[in-house]
Amino acid sequence: VTDITEFILETAASLKREARLRKFRELHLKRNEARKLNQQEVVEEDKKRKLPANWEAKKARLEWELAETQKKKECAAKGEDYRRVKLLEVTADDAERWERKKKKKNPDTGFAGYAEAQFRQYQRLTKQIKPDLENYEKQREECGEDFHPTPNSLIHGTHVPTKTGIDRMVEDLEKQIDKRAKYSRRRAYNDDADIDYINERNAKFNKKAERFYGKYTAEIKQNLERGTAV
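First, a word on what this report is: a plain description of the structure on this page. Think of each chain on its own: its residues are numbered from 1, step by step along the sequence as written. Since the coordinates come from a predicted model, pLDDT governs what is reported: local features require at least 70, and pairs of side-chain atoms require 80 or more to be given and counted, while whole-chain, interface and lining totals use all residues. Hydrogens and water molecules were not included; the side-chain quantities draw on all heavy atoms of the structure.

1. A closer look at the overall build of the chain
Next up, step 1: Helix and strand counts for the chain stand at 8 helices and 0 strands.
Next up, step 2: Per-residue burial for the chain yields a buried fraction of 6% across its 230 residues.
Next up, step 3: Contacts were defined at the residue level, with two residues in contact if any of their heavy atoms lie within 4.5 Å. For the chain, the share of sequence-separated contacts (at least 6 apart) that also reach a separation of at least 24 residues comes to 17%. Only DSSP runs of H or I reaching four residues or more are called helices, and only runs of E reaching two or more are called strands; each is numbered from the N terminus. Partly exposed residues are those whose accessible area sits between 20% and 50% of the maximum for their type, while under 20% is buried and over 50% is exposed, using a 1.4 Å probe and protein chains only.

Written as C-alpha cells, this is what we have:
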C-alpha cells in the first residue's frame, strides 16, 4: 500500500511538473511572438517616419490613377465609352453632394483688377442667356446668307432688338446700379469743417477721440474758443 501511495504521489507530482513546464513553454513562445511583433511595429513606424508628410495622400492618388488607367483599358477593349461608364457608377447621393459643394463655392474673390472684374461680369451675363432656338431659326431664314456676315455684307441697322431683350437689358442695368450704390465710397471733403489735424492719419484719430470723448471735452473747447478757460 505504501508503494502504491508513493507511486500515485510521484505520478501526480510528475504530471503537475509537466503541466507547469508546458505552461512555461507557452508563455515563452508568446513572449517571443510579442517581441517579434513589437520589433516589426518599430520597423514599420521608423519607415513611416522617414516617408514624406504627404505620402499617404500620394499613395492613395497613385492607386486611384492606376485603377482609372486599368478601367480605361478595359473600356477600350470592350469598345465602351469610359466617361459614360464612369457616370453610371455615380450614385444619386454623390451627385447631390457634389452639387451642394459647387453651390457653396464663391468664385467672386472681390475686386482684383478691371480686367478680372469685366471677365466675371461677362461670365455672369453669359450664364443668364437662354437661347431662343425658334427666334434663331427665324432670323436665319430672314437674313439668308447675311446671317453669317462677311466683310462685304451690308446689314448695319437691319437688326431690331425684341422687347424681351430690351427689358432684360434694363433689368440688368438696374441691378448693376443698385449694386454700385451699396459700395463704400470715400467721403467728400468738407471745406467748412474746422481743421484740427496735420495729416489724414491724425484726422482719423481726432474723429475717434471726438466720438468717444467729445461730450466730456465740449465745454473745455468752448472755453478755449471764447478765451475764458482757466
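Past the structure itself, the notes keep going.
2. Structural notes on a positive patch on the surface
Next up, step 1: Here, patches come from residues exposed beyond 30% relative accessible area and free of salt bridges, joined within 9 Å for like charges and within 5 Å for nonpolar side chains (Val, Leu, Ile, Met, Phe, Trp, Tyr). Note on areas: Shrake-Rupley, 1.4 Å probe, and residue coverage restricted to the protein chains presented here. Salt-bridge detection follows one rule: a side-chain nitrogen of Lys or Arg within 4 Å of a carboxyl oxygen of Asp or Glu. His is not counted, nor are the chain ends; Lys and Arg add positive charge and Asp and Glu add negative charge. To locate a charge, the coordinates of NZ of Lys, CZ of Arg, CG of Asp or CD of Glu are taken. A contiguous patch of positive charge, built from Lys 204, Lys 207, Lys 208 and Arg 211, is present on the exposed surface.
Next up, step 2: By the element assignment, Arg 211 lies in helix α8 (residues 200–226).
Next up, step 3: A relative accessible area of 57% means that Arg 211 is categorised as exposed.

3. Topic: the pattern of salt bridges
Next up, step 1: The full count for this structure, using the stated rule, is 6 salt bridges.
Next up, step 2: Linking Arg 124 and Asp 172 is a salt bridge whose minimum nitrogen-to-oxygen distance equals 3.3 Å. With a gap of 48 residues between them, Arg 124 in helix α5 (residues 114–128) and Asp 172 in helix α7 (residues 163–181) connect regions that are remote in the sequence.
Next up, step 3: Across the salt bridge formed by Glu 210 and Lys 221, the nearest N and O atoms sit 2.8 Å from each other.
Next up, step 4: Glu 210 sits in the partly exposed class, given a relative accessible area of 39%.

4. Overview of a nonpolar patch on the surface
Next up, step 1: A surface patch of nonpolar side chains, about 330 Å² in accessible area, is lined by Ile 166, Met 169, Val 170 and Leu 173.
Next up, step 2: Mapped onto the fold, Leu 173 is located in helix α7.

5. Some remarks on the side chain of Asn 223
Next up, step 1: Within the element layout of this structure, Asn 223 appears in helix α8.
Next up, step 2: For Asn 223, the side chain forms a polar contact with the side chain of Arg 226, separated by 2.6 Å. The definition of a polar contact used here is a pair of N or O atoms within 3.5 Å, where within protein one atom must be able to donate a hydrogen and the other to accept one, and adjacent residues in sequence count solely through side-chain atom pairs.

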